Amino acid sequence: MNLIVAADKNWAIGKGGDLVYSIPEDMKYFRRMTQGKTVVMGRKTLESFPGGKPLPKRVNVVLSSNRDYAPEGTVSVHDYAELFAEVAKYPEDDVMLIGGGRLYTDLAKYCRRAYITLIDAETEGVDTFIPNFDNLDGWRLEDVSEPLETGGYTVRFAAYLNENPEVYGK
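Caption draft 1: Local environment of the overall build of the protein. In terms of helices and strands, the protein carries four helices and 12 strands. Relative to its 170 residues, the protein shows a buried fraction of 45%. For the protein, restricting intrachain contacts to residue pairs at least 6 apart in sequence, the fraction spanning at least 24 positions comes to 63%. Only carbon and sulfur atoms are counted for the fraction: they give 48% of the accessible area of the protein, which is about 9000 Å².

Caption draft 2: Here's a closer look at the nonpolar core. Within the largest apolar cluster, 29 residues are counted, with the highest numbers of intra-cluster contacts made by Leu3, Leu97, Ile116, Ile130, Phe133 and Tyr160. Among the secondary structure elements, those contributing two or more residues to this core are strand E1 (2–7), strand E5 (59–63), helix H3 (80–87), strand E7 (95–99), helix H4 (101–107), strand E8 (113–119) and strand E12 (153–162). Every residue in contact with Ile116, bar those within four places of it in the chain, is listed here: Val5, Ala7, Trp11, Ile130, Phe133, Arg156, Phe157, Ala158 and Tyr160. Among the nonpolar cores identified, the runner-up in size contains 24 residues, and Ile23, Val39, Met96 and Ala121 belong to it.

Caption draft 3: Molecular detail of the packing of aromatic side chains. In this structure the tally under the stated criterion is 10 aromatic pairs. The interplanar angle of 65° and the centroid separation of 6.5 Å between the aromatic rings of Trp11 and Tyr160 together place this pair among those described as edge-to-face. Residue Trp11 is found in the loop between E1 and strand E2 (12–15), and its partner Tyr160 is found in strand E12; the two are separated by 149 residues along the sequence. Among the residues examined, Trp11 registers a relative accessible area of 8% and is labelled buried. A residue is classified by how much of its surface remains accessible, and Tyr160, at 1% relative accessible area, is buried. For the ring pair Tyr21 and Tyr153, a centre distance of 5.2 Å and an interplane angle of 85° mean the geometry is edge-to-face. Pair noted here: Tyr21 is in the loop between strand E3 (18–19) and helix H1 (24–34) and Tyr153 is in strand E12, with a separation of 132 residues, a long-range link.

Calculation criteria
- Residues numbered from 1 in each chain as written.
- Predicted model: local features only at pLDDT ≥ 70, side-chain atom pairs only at ≥ 80, totals over all residues.
- Heavy atoms only, no water.
- Helix = DSSP H or I, 4+ residues; strand = E, 2+ residues; numbered from the N terminus.
- Buried < 20%, exposed > 50% of the residue type's maximum accessible area, 1.4 Å probe, protein only.
- Contact = heavy atoms within 4.5 Å.
- Areas by Shrake-Rupley, 256 points an atom, 1.4 Å probe, with all protein chains shown as cover.
- Core = buried A, V, L, I, M, F, W, Y, C linked by side-chain atoms within 4.5 Å.
- Phe/Tyr/Trp six-rings, centres within 6.5 Å; stacked < 30°, edge-to-face > 60°.

Note that all results are geometric; they support no functional claim without further evidence.
Given below as structure tokens:
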């Protein structure tokens, strides 16, 4: 499994249940990196999408502790054991964790790569963060793009490698 996210200088990703930043080039990058793959998310992430609908042209795996929660067009799982059993059905590189904050924090250790759009900005009042991948044990910056000016922000597309990801269920 890999993860993909956009974060600012403080590793902030969300505010009030929404993304902090909506940057066109980042959205294109996200679409390119996830289309045709399996995306893993929490219930709140799914519900933040337009109409609360799953992403097209992807297998949408949604984690919710509510066993009655099974939105149309998704594969619903209800705990990490079910999640790990489900994602084991797909090639590791074709599974992308897409949020939210708690899942990034809990599941980063199982990911091989983290594709992070680094946004050169800071926003007040944010409430959702991811770990600082520059300081996470076992993670190293593998590749980073040249800075790109887009949507009023300077961004870089970074790929981090987890040199020793944990194995699901161990």
